[in-house]
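Structure assessment
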Amino acid sequence: MEIKTFGVVGAGQMGSGIAQVAALSGYDVILGDISYELVQKGLENIRNMLDKAVEKEKTAQDTADEAFLRIRTSVDLKDFAETEFVVEAVTENELTKVLIFQDLDSFCPSETILATNTSSIPIGKIGSKTRRPDKVIGMHFMNPVPLMKLVEVIRSLATSHETFQTTWNISEKLGKIPAEAHDYPGFISNRLLMPMVNEAVFALYEGVGTRESIDEVMKLGMNHPMGPLELADLIGLDTCLAIMETLFNGFKDSKYRPCPLLRKYVEAGWLGRKTGRGFYDYD
Ligand code: NAD
C-alpha cells in the first residue's frame, strides 16, 4: 500500500516531532489535537525546530519551508478519513487512547494502519477495542523525535505481518532505526528506563542525595547524557507516573510501585519542562 497522507493525533511534544519528521520525509501530514490553540502550539513548536535545523545547517531553508507547508491541522478526527497511516500520540491514558482508536476505526478506510506511540500500554488491549486489531501496532518514538534515531516497533498477538513490515519500512523512510519489541507493559525501553528514573525519585525522596548529586552521579559516573531527574522533567512527570502505573498494574509486582514523591509532583501540576517546573525550575 502506498502511504501518501500521514496522520498524527496529538500535537504535544511527541506528536509535533513525529509530524515534523513525516513532513520532512515527503508525506502530506494531518496533525490533530483537541483545540485550535493546541494544534497551533504544536505547529509553532515545529516551526522553531525547523528554524533551528536550518540555523545549524542540518536542513536547507527550502526543504524546511516545503515540509512545513505539507502539514495541515485538524480538530476533528473525521479529517483523518483520507489518511493511509496514523500515529496516535496523545496523553498516556488508556481510555483516552481507546476512544481515539475507536473513532479512527470508524472514520478511516479499512486499509489504514493505526499506530500508537504509547510508552507502555499493551498494544493488544488497544487493538482489541477496534474492528481491525491486525492493523493496530506500536510505533514508539524517542524524545526529541527529530534527533533520536530509535523507533521501537511493537506488534501484538493480532498484528499482521504486513502491518509490521509497513511500519518497519516507514520507520526507515523517516530516517529512524527500528527495533522490535514484544507486547508487554513498557516494552523494552520503558521496562528498563522507567524503574531507573523511579528509583532516582526514591533516592531524592529518602534523602540519599540532592537532585544535582543524583543527576551528576549518573552523568559523570555512568556516562548518561542526562541525569534521571532532568530526563524525567524532559519526558513529563505525568507520563513517567502513567508508565510506572502501567508497569505496576501490568506485572502486579511491587518493584514497579511509583514513588510517592513522583505522584505528589504530578498532583501539584509540576510536570517538568512543559509546565515550567518539575524537579528543576525552567523559568
Ligand atoms: P504531551 O502532554 O506533550 O502531549 C499530549 C497531547 O495530546 C496534548 O497536546 C493533548 O492536548 C493531546 N490530547 C489529549 N487528549 C486528546 C484527544 N482526545 N484528542 C486529541 N489530542 C489529545 O505528551 P507527549 O510527551 O507528547 O506524549 C504523548 C504520547 O507519547 C504518550 O503516549 C507518551 O507516553 C508517549 N511518549 C512520550 C515520550 C516523552 O518523552 N514525553 C517519549 C515516547 C513516547
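Residues numbered from 1 in each chain as written. Predicted model: local features only at pLDDT ≥ 70, side-chain atom pairs only at ≥ 80, totals over all residues. Heavy atoms only, no water.

What follows is about the packing of helix α7 (residues 189-205) against helix α8 (residues 211-222). Angle between the axes and distance between the axes are the two parameters that describe a pair of packed helices. Between α7 and α8, whose axes approach to 9 Å, the crossing angle comes to 140°. Judged by the angle between their axes, α7 and α8 are oblique. Here α7 and α8 pass one another in a crossing that is right-handed. For the pair α7 and α8, the contacting residues are M196, A200, A203 and L204 in the first and R211, I214 and M218 in the second. When grouped by side-chain class, the residues that make up the contact of α7 with α8 number six nonpolar, no polar and one charged. (Axes fitted to C-alpha atoms, helices over the stretch in contact; angles between N-to-C directions. Helix = DSSP H or I, 4+ residues; strand = E, 2+ residues; numbered from the N terminus. Parallel < 35°, antiparallel > 145°, perpendicular 65-115°, else oblique. Left-handed = near helix turned anticlockwise from the far one by under 90°. Contact = heavy atoms within 4.5 Å. Nonpolar A, V, L, I, M, F, W, Y, C, P; charged D, E, K, R; others polar.)

All right, on to the nonpolar core then. If you look at the biggest cluster of nonpolar residues, it comprises 35 residues, and the most contacted ones within it are F6, V29, F85, M139, F141 and L174. Looking at which element gives the most residues to this core, the answer is helix α1 (residues 13-24), with six residues. Dropping the residues within four chain positions of it, L174 is found in contact with F6, V21, A22, S25, Y27, M139 and F141. Core analysis: the next-biggest nonpolar cluster, separate from the first, contains 25 residues, V201, L231, C259 and Y265 among them. (Core = buried A, V, L, I, M, F, W, Y, C linked by side-chain atoms within 4.5 Å. Buried < 20%, exposed > 50% of the residue type's maximum accessible area, 1.4 Å probe, protein only.)

Attention now moves to unusual backbone geometry. With omega at -5°, the peptide bond leading from N143 into P144 counts as cis. The phi torsion at E57 lies on the positive side, around 60°, for a residue other than glycine. Inspection of the secondary structure assignment puts E57 in the loop between α2 (36-55) and α3 (61-69). The backbone of N223 shows a phi angle near 65°, a positive value even though the residue is not glycine. Position of N223 relative to the elements: it lies in the loop between α8 and α9 (228-235). Looking at N223, the relative accessible area reads 68%, which means it is exposed.

All right, on to the site of the ligand then. Taken together, 24 residues lie near the ligand, and D33, E92, K97, S119 and I235 sit nearest. Here an oxygen atom of the ligand sits 2.7 Å away from a polar atom, N or O, in the side chain of K97. At 3.0 Å, a side-chain N or O of N117 approaches an oxygen atom of the ligand. The fraction of the free accessible surface of the ligand (840 Å²) that becomes covered by protein chains is 86%. With three residues, the top contributor of residues to the shell around the ligand is helix α4 (residues 94-107). A class-by-class count of the residues in the shell around the ligand yields nine nonpolar, 11 polar and four charged. Inspection of the shell around the ligand shows a minimum of three residues originating in each of domain 1 (5-182) and domain 2 (190-275). (Near = heavy atom within 4 Å. Polar contact = N/O pair within 3.5 Å; in protein donor to acceptor, adjacent residues only side chain to side chain. Areas by Shrake-Rupley, 256 points an atom, 1.4 Å probe, with all protein chains shown as cover. Domains from an automatic or database assignment.)

Function cannot be read off these values alone, since they describe shape.
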